[in-house]
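Each chain, written out:
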Amino acid sequence: MPTPARLHVAHALHEVFGEKGRVPDIWDRDLGEDAHLAQALLGLCLRRWGRLQAWVTPQLKDPSRGVPLGTRVTLAMGLAQLAWLPGVSNHAAVNESVDLAADRDLGFVPHKGLVNALLRRAAKDRAALAAALDALPATLDRPAAAERALRAALAPHQAEAELETLWTRLQRPPRPAFRLLVGEAPEGLTPDADLPGCLRLADEAPFPRPWLEAAQGMVQDRSSQALLAYAWDRPVTRILDACAAPGGKTTTLALRHPGAALTALEVHPRRVARLRQTLQQRGLEAQVIQADAAEWLETTDATFDLILLDAPCSGSGTLQKHPEWPWLAHDDLPRLTGLQRRLLAAAADRLAPGGLLIFAVCSWLPEEGEAHREWLAEARPELRPAAVWPAALGADSDGATTAFFRPHPLRWEGEGFQAFAVRRH
Ligand SMILES: C[S@@+](CC[C@H](N)C(=O)[O-])C[C@H]1O[C@@H](n2cnc3c(N)ncnc32)[C@H](O)[C@@H]1O
């Protein structure tokens, strides 16, 4: 029987390559000490899936017959352990993969012998296996969606020539960033040199789980932290967070503007529950409303001094954290861009005189950011760009500040974001 860690990895790979779905959110539960192994193995399989499959194909008697997903998953897992996880013994890497191959749901039973033979042979010289896999072209691991996201990230900075460098950088799992909510930061967290208020984990320090569970701090990506460090000193008494769950940015808004009335919208019931839980654990007050933000905004007569529209998006800027992203179907982009535009138009119309609207997406694709910004400038000329971020976080600002947040993906550590700020006179 394979260990729970390997079963989780096999399930996740089936979800991604069979269903084109995201990695299920199961990693912290039930795996205990094996969570580390599961995370490392899944990351390797996702980040090097193309090369792992290209290594297998020529070993087959008749490659033209295709390889069932169960076989591809079990072989990828076995090969990744042999090539890149030296702490895993030959016995564990081979035998557990063979057991997986024999599992009716996760493997492909007729290929049990094939999986056994290929992995046993590979295990005889693990260094040679690693060298052979590493020698295969890295582009095999980069389907068209990833290529497009990388180009979109670099083009605004005239840096397309650095595509390989960016891809290599995105293959390393990201280092988490934290924010203090109350009290003092635990040992092991040190201030980020370039971003006030941001905390980083020192090398070798344990992950500060008890501190997070006590709601004294939170994980928040550096880009989100920089985005919410907007410079704005006008009075803010009514705030709308239009797409709020799980509530990271709602938390920051509540702490930045204490005393303001905060309304948080979220459409999905389970995510509404998560949002309420976040706020309750952190002792923060907000009116949480389960609603489609577009419908709600189009029918309310309320206005706000500050609106954050952290819109649902493709998430292309998060592919470092989500190595499955390149392999997903990406067929809902037209729906997403349509929804983003509708949300933006409706939010713009609920901005009070003197108010600030921030639109943000964790995506590099121009149709999810830049295009909306250009559209808004034409459609709502009464709203003016508000330069609320340091120019270094923008692409093409010539002053000290920028109204278009689009950090250079190689000179800034954090998720890929596009955000713009406008104000109403
Ligand atoms: C990018 S996430 C927001 C992340 C959040 N601001 C944070 O920092 O924790 C977008 C959220 O919008 C929600 N959403 C999607 N469509 C929506 C809609 N039509 N109305 C309201 N919320 C929506 C999603 O369920 C998701 O929770």
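Rules used in this analysis
Residues numbered from 1 in each chain as written. Predicted model: local features only at pLDDT ≥ 70, side-chain atom pairs only at ≥ 80, totals over all residues. Heavy atoms only, no water. UniProt positions renumbered as here; feature names shortened; annotations may be inferred. Helix = DSSP H or I, 4+ residues; strand = E, 2+ residues; numbered from the N terminus. Rg over C-alpha atoms; globule rule 2.2 N^0.38 Å. Buried < 20%, exposed > 50% of the residue type's maximum accessible area, 1.4 Å probe, protein only. Polar contact = N/O pair within 3.5 Å; in protein donor to acceptor, adjacent residues only side chain to side chain. Axes fitted to C-alpha atoms, helices over the stretch in contact; angles between N-to-C directions. Parallel < 35°, antiparallel > 145°, perpendicular 65-115°, else oblique. Left-handed = near helix turned anticlockwise from the far one by under 90°. Contact = heavy atoms within 4.5 Å. Pairing = 2+ DSSP bridges. Expected span 1.5 Å × (residues − 1). Near = heavy atom within 4 Å. Areas by Shrake-Rupley, 256 points an atom, 1.4 Å probe, with all protein chains shown as cover. Nonpolar A, V, L, I, M, F, W, Y, C, P; charged D, E, K, R; others polar. Core = buried A, V, L, I, M, F, W, Y, C linked by side-chain atoms within 4.5 Å. Domains from an automatic or database assignment. Salt bridge = Lys/Arg side-chain N within 4 Å of Asp/Glu carboxyl O.

Per an unreviewed UniProt entry, the protein goes by 16S rRNA methyltransferase and derives from Geothrix oryzae. For the record of the protein, the UniProt heading Sequence similarities (unreviewed entry) holds the text "Belongs to the class I-like SAM-binding methyltransferase superfamily. RsmB/NOP family."

**Quick word on the overall build of the protein**
Regarding its fold elements, the protein presents 16 helices and 14 strands. In terms of C-alpha radius of gyration, the protein reaches 24 Å, essentially the compact-globule figure of 22 Å for 425 residues. Referenced to the eigenvectors of the C-alpha coordinate spread, the extents of the protein come out at roughly 70 × 45 × 40 Å. For the protein, the residues scored as buried account for 53% of the 425 residues in total.

**Focus on the side chain of T300**
Of note, T300 is situated in the loop between helix 14 (293–299) and strand 8 (304–310). Among the polar contacts listed, one links the side chain of T300 to the backbone nitrogen of A302, at a separation of 3.0 Å.

**Considerations on the packing of helix 5 (residues 90–101) against helix 6 (residues 112–123)**
Between helix 5 and helix 6, the least distance of the axes is 9 Å, while the angle of their chain directions is 165°. Our classification of the angle between helix 5 and helix 6 gives roughly antiparallel. You can see that helix 5 and helix 6 cross each other, and the crossing is right-handed. Only K112, V115, N116, L119, R120 and A123 of helix 6 make contact with helix 5, whose side of the interface consists of N90, A93, V94, N95, S97, V98 and A101.

**Thoughts on the sheet that holds strand 4 (residues 217–219)**
Taken together, four strands build an open sheet; the order of strands is 2-3-1-4 and the sheet is antiparallel. Looking at which strands have only one partner, the edges of the open sheet turn out to be strand 2 (189–191) and strand 4. Averaged over all adjacent pairs, the angle separating strand axes in this sheet is 40°, with direction ignored. Pairing between strand 1 (residues 177–180) and strand 4: three bridges, direction antiparallel. Within strand 4, the residue paired with F178 across the bridge is V219.

**Re helix 4 (residues 69–84)**
Look at helix 4: 22 Å from first C-alpha to last across 16 residues, which is about the 22 Å you get at 1.5 Å a residue. Along helix 4, 15 of the 16 residues are buried, which leaves the element largely enclosed by surrounding structure.

**So, the site of the ligand**
Within the structure, the ligand sits among 19 residues, and G248, E266, R271, A293 and D310 are positioned closest to it. At 3.5 Å, a backbone N or O of P246 approaches an oxygen atom of the ligand. Notes on the ligand: free accessible area 600 Å², of which the protein chains cover 87%. Grouping the amino acids of the shell around the ligand by side-chain chemistry returns 11 nonpolar, three polar and five charged.

**Digging into the nonpolar core**
Core analysis: the biggest nonpolar cluster contains 66 residues, and Y230, L309, L356, L357 and W389 have the highest contact counts within it. In terms of residue count, strand 9 (residues 351–361) provides more of this core than any other element does, seven residues in total. Lining this core are residues from two domains, each supplying at least three of them: domain 2 (177–219) and domain 3 (230–424). Contact partners of L309, with chain neighbours within four places excluded, come to A242, C243, L343, L344, A347, L357, I358, F359 and A360. Counting 51 residues, the second largest nonpolar core, distinct from the first, contains L52, M77, A101 and A122.

**Description of the UniProt feature "active site" (unreviewed entry) in the protein**
Under the feature "active site" (unreviewed entry), the UniProt entry names C362. Position of C362 among the secondary structure elements: in the loop between strand 9 and helix 16 (370–379). If we ignore the near neighbours within four places in the chain, the residues touching C362 are C313, G315, S316, G317, T318, E415, G416 and F417.

**What to know about the environment of Y230**
With respect to the helices and strands, the residue Y230 is situated in the loop between helix 11 (222–227) and strand 5 (238–241). On the accessibility criterion, Y230 (2% relative accessible area) is buried. Considered as a pair, Y230 and R411 are 181 residues apart in the sequence and their alpha carbons are 20 Å apart.

**Let's talk about the pattern of salt bridges**
Under the definition given, this model contains 19 salt bridges. Taking the shortest distance from any N to any O, the salt bridge between R406 and E370 comes out at 3.0 Å. One end of the pair, R406, is in the loop between strand 13 (404–405) and strand 14 (418–424); the other, E370, is in helix 16, with 36 residues separating them in the sequence. The exposure class of R406 is buried, given its relative accessible area of 6%.

**What about the domain arrangement of the protein?**
Domain assignment breaks the protein into domain 1 (4–141), domain 2 (177–219) and domain 3 (230–424). Look at where the C-alpha atoms of domain 1 and domain 2 centre, and you get two points 34 Å apart.

**Here's the deal with the pairing of strand 3 (residues 198–201)**
Alternating residues of strand 3 divide into C198 and R200 and L199 and L201, and every residue in both groups is buried. Examined bridge by bridge, strand 1 and strand 3 share three bridges and lie antiparallel to one another. Residue pairing for strand 3: A177 is matched across the bridge by R200. Bridge count for strand 2 against strand 3 is three bridges, and the pairing is antiparallel.

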